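If you want the building blocks of each chain, they are given just below.
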Amino acid sequence: MLLKDGESKEDLLKLTKEELLLRWFNYHLARSAYSGREVKNFGNDIKDSVAYSHLLKQICPSNHRPMVTLAPLNENDLNRRAEAMLTEAEKLKARDFVTANDVVSGNQKLNMAFVANLFNTYPALDVPEDVTIQDEDIIEETREEKTYRNWMNSMGVNPYVNYLYTDLQDCLVIFQLYDMIKPGSVDWNRVVKKFVPIKIKFQKLDNCNYAVDIGKKVMNFKLVGIQGSNLLDGDKTFTLALVWQLMRAYTLAMLDKIAGQGHPIVENGIIEWTNNKLKSADKKTFINNFQDPVISDSRVICDLIDAIKPGSVQYDLLKTENTNEAKMENARYAVSIARKIGARVFALPEDIVEVKQKLVMTIFATLMIQDYQPPQVSLEQ
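Being a predicted model, the structure only gives us computed values, none of them experimental.

Considering helix α17 (residues 357–372)
(1) Moving on: For α17, built from 16 residues, the straight-helix expectation of 22 Å at 1.5 Å per residue is met to within 8% by its first-to-last C-alpha distance of 23 Å.
(2) Moving on: In terms of residue burial, α17 counts as a mostly covered element, since 12 of its 16 residues are buried.
(3) Moving on: All of the buried residues in α17 are L359, V360, M361, T362, I363, F364, A365, T366, L367, M368, I369 and Q370.

Given below as structure tokens:
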């Protein structure tokens, strides 16, 4: 499928993540009605949304409803075309990571994350008849794991994270995230970047011990009972504990930077801002905490979005029934509208319906970030 003439499976495995995604992208373009040039990057080559539109239509399952169309190509304005293309992606529940502005400006990191999510969700690759997939080859990923992994990849870490518990074992990605959240927090002279085969286990353990040390002493994370060996072994509980605190620290650091209030913003500050914003827009909803059951129907989130950008929510689309199905529809709509106004929402609709405290907090925090940002300014910028 993705192999070129004369290539073996081993050759495919040698490709970088970006090369593999581009190979997959062009594989589907070649089987579509696309007549443009080969896509060679996630910057200039996708700015006009033409290749994206054909890719989405090509990978859409034939029995999927509603079907993905090429309607975006009828738009001449690039921003409107990009927004229309993302509306088509929304039909596949794959409108993640990018805004129309990110597409048109050619944001390489975020566009690569968008394509990687499409690849993971709708690979649309037929398995050759002579290939048998064993049960042990299939790795199940929880929603929480997917959210954290997608967040990391949207940050442009290298190497690309495919599976949390193996791809973080050398802590190189962890160090990059530390340095993004708190520049200068990592002494890179202490980090082993290239491993010697005979010493690889000990070198990775040194990295893991140093990563835990930074987390405790520099980042002030709560890492009780966590040792470097836990990260090296890919222990799920301890790895998730560290990764969650990284995502939380990044979100709060962005709030501090954009809000410019001169003091750290924590969860209570986000709740206070939320309720004040709702009240200022004459909304009747409010939250007591990030476990408040009122969050499950998404109405308070929609009210907050409408308070940030009046008129952005079509309230007649919100369901009023107290059923899981109705709540899920509302949650999907809330996430979609939040992303449309530019909020970097990584949590999933299910997290809202189930009121997952940690991930729900990130939704309100990213909306707060969006409210403080000047119009048309990307978070990456």
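So, the pattern of salt bridges
(1) Moving on: All chains considered together, the criterion is met by 15 salt bridges.
(2) Moving on: Where K91 meets E88, a salt bridge forms, and the shortest distance between an N and an O atom there is 3.0 Å. One end of the pair is K91 and the other is E88, both in helix α4 (residues 78–91) and 3 residues apart, which spans about a single turn.
(3) Moving on: Residue R143 pairs with E354 through a salt bridge whose shortest N-O separation is 2.9 Å. Of the two residues, R143 sits in helix α7 (residues 143–154) while E354 sits in the loop between α16 (349–353) and α17, which places them 211 residues apart along the sequence.

Some remarks on the side chain of S49
(1) Moving on: For S49, the location among the structural elements is in the loop between α2 (17–30) and α3 (50–59).
(2) Moving on: Owing to a relative accessible area of 0%, S49 belongs among the buried residues under this scheme.
(3) Moving on: Among residues more than four places away in sequence, those in contact with S49 are R81, A82, M85 and V103.

With respect to the nonpolar core
(1) Moving on: By size, the foremost hydrophobic cluster in this structure holds 120 residues, and its most contacted members are F25, M152, Y178, I270, I301, F364 and L367.
(2) Moving on: Looking at which element gives the most residues to this core, the answer is helix α12 (residues 236–259), with 11 residues.
(3) Moving on: When sequence neighbours within four positions are dropped, the list of residues in contact with F25 reads V39, F42, I46, A51, Y52, L55 and V115.

Quick notes on the packing of aromatic side chains
(1) Moving on: Under the criterion given, the structure shown has 10 aromatic pairs.
(2) Moving on: Plain terms: the ring middles of Y52 and F114 are 5.1 Å apart, the flat faces sit at 85 degrees to each other, and that makes the pair edge-to-face. A residue pair is termed long-range when its members are at least 10 positions apart, and Y52 in helix α3 and F114 in helix α6 (residues 108–121) qualify at 62 residues.
(3) Moving on: Residue classification places Y52 among the buried positions, given a relative accessible area of 1%.
(4) Moving on: Taking the relative accessible area as the measure of exposure, F114 reaches 0% and is therefore buried.
(5) Moving on: Among the aromatic residues, those joined into a ring-pair cluster are F25, Y52 and F114.
(6) Moving on: The cationic tip of K204 hangs over the ring face of F195; the distance from NZ or CZ to the ring centre is 5.8 Å.

Some thoughts on the packing of α2 against α6
(1) Moving on: Between α2 and α6, whose axes approach to 10 Å, the crossing angle comes to 60 degrees. Put simply, α2 runs oblique to α6. The crossing of α2 and α6 is left-handed. Judged by residue contacts, K17, E18, L21, W24 and F25 of α2 engage Q108, M112, V115, A116, L118 and F119 from α6.
(2) Moving on: Across the contact of α2 with α6, the residue classes tally to 8 nonpolar, 1 polar and 2 charged.

A few points about the packing of helix α14 (residues 299–308) against helix α15 (residues 324–340)
Each pair of packed helices can be summarised by the angle the axes make with each other and by the distance between the axes.
(1) Moving on: Direction vectors running N to C along α14 and α15 enclose 20 degrees, while the axes themselves pass 9 Å from each other. What the angle tells us is that α14 and α15 run roughly parallel. Two packed elements cross with a definite hand, and for α14 against α15 that hand is left-handed. Every residue of α15 that contacts α14 at I301, C302 and I305 is listed here: Y333, A334, I337 and A338.
(2) Moving on: Here the residues of the contact of α14 with α15 are counted per class, giving 7 nonpolar, no polar and no charged.

Focus on the side chain of E145
(1) Moving on: Relative to the assigned elements, E145 resides in helix α7.
(2) Moving on: One buried charged residue, E145, remains without a salt bridge, the closest side chain of opposite sign being K236 at 4.5 Å.
(3) Moving on: Among the polar contacts listed, one links the side chain of E145 to the side chain of Y165, at a separation of 2.6 Å.

A look at the environment of A71
(1) Moving on: Mapped onto the elements, A71 comes out in the loop between α3 and α4.
(2) Moving on: You can call A71 partly exposed: its relative accessible area is 38%.

About the thresholds
Residues numbered from 1 in each chain as written. Predicted model: local features only at pLDDT ≥ 70, side-chain atom pairs only at ≥ 80, totals over all residues. Heavy atoms only, no water. Helix = DSSP H or I, 4+ residues; strand = E, 2+ residues; numbered from the N terminus. Expected span 1.5 Å × (residues − 1). Buried < 20%, exposed > 50% of the residue type's maximum accessible area, 1.4 Å probe, protein only. Salt bridge = Lys/Arg side-chain N within 4 Å of Asp/Glu carboxyl O. Contact = heavy atoms within 4.5 Å. Core = buried A, V, L, I, M, F, W, Y, C linked by side-chain atoms within 4.5 Å. Phe/Tyr/Trp six-rings, centres within 6.5 Å; stacked < 30°, edge-to-face > 60°. Lys NZ or Arg CZ within 6 Å of the ring centre and 35° of its normal. Axes fitted to C-alpha atoms, helices over the stretch in contact; angles between N-to-C directions. Parallel < 35°, antiparallel > 145°, perpendicular 65-115°, else oblique. Left-handed = near helix turned anticlockwise from the far one by under 90°. Nonpolar A, V, L, I, M, F, W, Y, C, P; charged D, E, K, R; others polar. Lys, Arg positive; Asp, Glu negative; His and termini not counted. Polar contact = N/O pair within 3.5 Å; in protein donor to acceptor, adjacent residues only side chain to side chain.

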